[in-house]
Amino acid sequence: MTADVSTAGPRIHALDTLRGFALCGILIINIYQQVVFRGAAAGTAGQLPVPVQLFFYERFYPIFSILFGVGFAIFLRRAAARTDRPRLVLARRLVVLLLIGVLHFLFHPGEALTAYAIAGLIVLLPLSFLGGRAALGVALVLLFAGAQLVVGFGPIPGLLALGYALAMLDVPAALERRTGRVACAFLIFAGLTAVWILLRWRDVELPFVNVLGGPGGGVSLLEPIAGIVTGLAYCCGVVLLLRTPLGPVLSAVLSPMGRMALTNYLSATVLFLLAGPLLGIDSTADLPAIVGLTVAILVVQAVWSGWWLRRFRYGPAEWAWRCLTWWQRAPIRSGRTAHIGR
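Caption draft 1: Fine view of the overall build of the chain. Counting its regular elements, the chain contains 15 helices and 0 strands. For the chain, buried positions account for 46% of its 342 residues. Relative to all contacts within the chain whose residues are 6 or more apart in sequence, the contacts with residues 24 or more apart total 71%. For the chain, the accessible surface area stands at approximately 16600 Å², while carbon and sulfur atoms represent 69% of it.

Caption draft 2: Inspection of helix α7 (residues 156–168) at higher detail. When the terminal C-alpha atoms of α7 are compared, their 18 Å separation across 13 residues agrees well with the 18 Å that a helix rising 1.5 Å per residue should span. Extensive coverage of α7 is indicated by the burial of 11 of its 13 residues. Tucked into the core, α7 has its buried residues touching α3 (61–80), α5 (113–127), α6 (132–144), α8 (171–174) and α10 (222–241). Note on α7: the residue one or two positions beyond its end, Asp170, has a positive phi of about 60°.

Caption draft 3: A look at the packing of helix α4 (residues 86–105) against helix α12 (residues 261–278). Relative to each other, α4 and α12 sit at 15°, their axes nearing to 11 Å. Between α4 and α12, the interaxial angle falls into the category roughly parallel. Relative to α12, the crossing made by α4 is left-handed. Here Leu97, Ile100 and His104 of α4 come into contact with α12, specifically with Leu262, Tyr265, Leu266 and Thr269. Per-class residue counts for the contact of α4 with α12 are 5 nonpolar, 2 polar and no charged.

Caption draft 4: Quick look at the pattern of salt bridges. Summed over the entire model, instances satisfying the criterion amount to 2 salt bridges. A salt bridge links Arg19 to Asp16, with the nearest nitrogen and oxygen atoms 3.0 Å apart. With Arg19 and Asp16 both in helix α1 (residues 13–38), this residue pair falls 3 residues apart, about one helical turn. Here Arg19 matches Asp16 in class, with each residue buried.

Caption draft 5: Focus on the packing of aromatic side chains. Tallying each qualifying case throughout the model produces 12 aromatic pairs. With a centroid separation of 5.9 Å and an interplanar angle of 65°, the aromatic rings of Phe72 and Tyr164 are classed as edge-to-face. One end of the pair, Phe72, is in helix α3; the other, Tyr164, is in helix α7, and 92 residues separate them in sequence. Note on accessibility: Phe72 and Tyr164 belong to one class, buried. Centre to centre, the rings of Trp304 and Trp307 are 6.3 Å apart; their planes meet at 25°, and the pair counts as stacked. Linking Trp304 with Trp307, this pair stays in helix α13 (residues 287–309), spanning 3 residues, or about one helical turn.

Caption draft 6: View of the packing of α12 against α13. At their nearest, the axes of α12 and α13 sit 11 Å apart, and the two run at 135° to each other. Here α12 is positioned oblique relative to α13, judged by the angle of their axes. Of the two elements, α12 crosses α13, and the hand of that crossing is right-handed. Here α12 contributes Thr263, Asn264, Ser267, Ala268, Leu271, Phe272, Ala275 and Gly276 to the contact with α13, which in turn contributes Leu293, Ile297, Gln301, Trp304 and Ser305.

Caption draft 7: Broad picture of a nonpolar patch on the surface. A contiguous nonpolar surface patch, about 410 Å² in accessible area, is contributed by Leu287, Val291, Val295, Val299 and Val303. Mapped onto the secondary structure, Val303 falls in helix α13.

Caption draft 8: Structural detail: the nonpolar core. Of all hydrophobic cores here, the largest spans 60 residues; its most connected members are Leu97, Tyr116 and Tyr164. With 13 residues, the single largest contributor to this core is α3. Apart from the residues within four sequence positions on either side, Tyr164 is in contact with Gly69, Val70, Phe72, Ala73, Leu76, Leu124, Leu127, Ser128, Leu130 and Ala135. Ala14, Ala268, Phe272 and Ile281 belong to the second-largest nonpolar core, a separate cluster that totals 21 residues.

Definitions and cut-offs
Residues numbered from 1 in each chain as written. Predicted model: local features only at pLDDT ≥ 70, side-chain atom pairs only at ≥ 80, totals over all residues. Heavy atoms only, no water. Helix = DSSP H or I, 4+ residues; strand = E, 2+ residues; numbered from the N terminus. Buried < 20%, exposed > 50% of the residue type's maximum accessible area, 1.4 Å probe, protein only. Contact = heavy atoms within 4.5 Å. Areas by Shrake-Rupley, 256 points an atom, 1.4 Å probe, with all protein chains shown as cover. Expected span 1.5 Å × (residues − 1). Axes fitted to C-alpha atoms, helices over the stretch in contact; angles between N-to-C directions. Parallel < 35°, antiparallel > 145°, perpendicular 65-115°, else oblique. Left-handed = near helix turned anticlockwise from the far one by under 90°. Nonpolar A, V, L, I, M, F, W, Y, C, P; charged D, E, K, R; others polar. Salt bridge = Lys/Arg side-chain N within 4 Å of Asp/Glu carboxyl O. Phe/Tyr/Trp six-rings, centres within 6.5 Å; stacked < 30°, edge-to-face > 60°. Patch = residues over 30% accessible without salt bridge, like charges linked within 9 Å, V, L, I, M, F, W, Y side chains within 5 Å. Core = buried A, V, L, I, M, F, W, Y, C linked by side-chain atoms within 4.5 Å.

Laid out in C-alpha cells, this is it:
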C-alpha cells in the first residue's frame, strides 16, 4: 500500500486489488441469481452447487461491504479538504448511488447497490460524527444484533460500519507494516473456515445463535458469521499474496477491475442479459454454460479495465457518479492521453 487513508494522497492500491477480487466472487453469485430470478424460482442458496455454497455464496459481499465502508471514510476525509460541508456531498453521493441501484434493480432484482446506499444514509452518515473506536463498537453491535432488525439488510449495516471504523483507525494503511499480524489473522480465519466447511460437509447439526426469540425461534447468525469469517480469510490471503512475486501480477489484473468496480458490476448484468439467452442458460443446472460465461465476462472486464484506465482517470460509471456527487464535470482523460489529444 502506498498511502495513509488520513491524507488526500495516492490511492491505496491493495484496496483496489481486494475490491477487484471481491468483484470476481460476486459475479459468480450474481449470475446464478440472474438465472434463478429469470426462472421465477424461490431462493438461491439451495439451488447452487455445493462448492459454490461453501466457497462463494455470501463469502464475497462481506469483503465488498467492508471496502465500501473504508471508501466512505476515505472520501469523507478527502471531501473535508475540499468543502466545508463534506457530509452533504456524501449524502448526495449515496442518493445518486441509490438512483443507480433502483434502475439496476429493474434488470437484476438481486442487486446490492440500493442496500449499500440506504444503509449508508441510515448508518454511515450518523456514524461519521464518531471516532474510530466508538464506530467500531457500533459496528460490533450491528453485526451481532442490530443488523437483524433491519429486514432484508442482514449484516450489511454492520459490515459498512466495520469498514468505516477500520479506516478511521488507519488499519488499511497499517497493513503494509503488519505482515506478521496479517499472517496470524489469516491462519485464524482460515482455520475457522476449515472447521465450518468440515461441519457442513458432514451435516453436523449446530445450535442456533439467535438474536431474536428463544431457541429455534430467532435468527441464526451462524451462516452470516461463517460468510464474514471466510471473507476475512480471503482478504488476508490476498494481502499476503501481494507480498510475494505473484503480487504484481495480481495487482495488474485485479486493481483496474477494482477501480472500475461500479462499471464492472453494472456491465456484468448487461453482458449476462445479452449472452445468457444466446447460450441457452435458463436453469442452474446449465453448469458448463454458466462457468464459461462467468470466465468470459471476467476476462473481458480484466482486459477492458486495464485498457480503459491507461487512457482515462475513471471508469465510465465512476466518472458519472463523481460528476453528480460534486455537481460539476470532472476531467476524465489521463494526463498522458489529454496531452496526446491536443
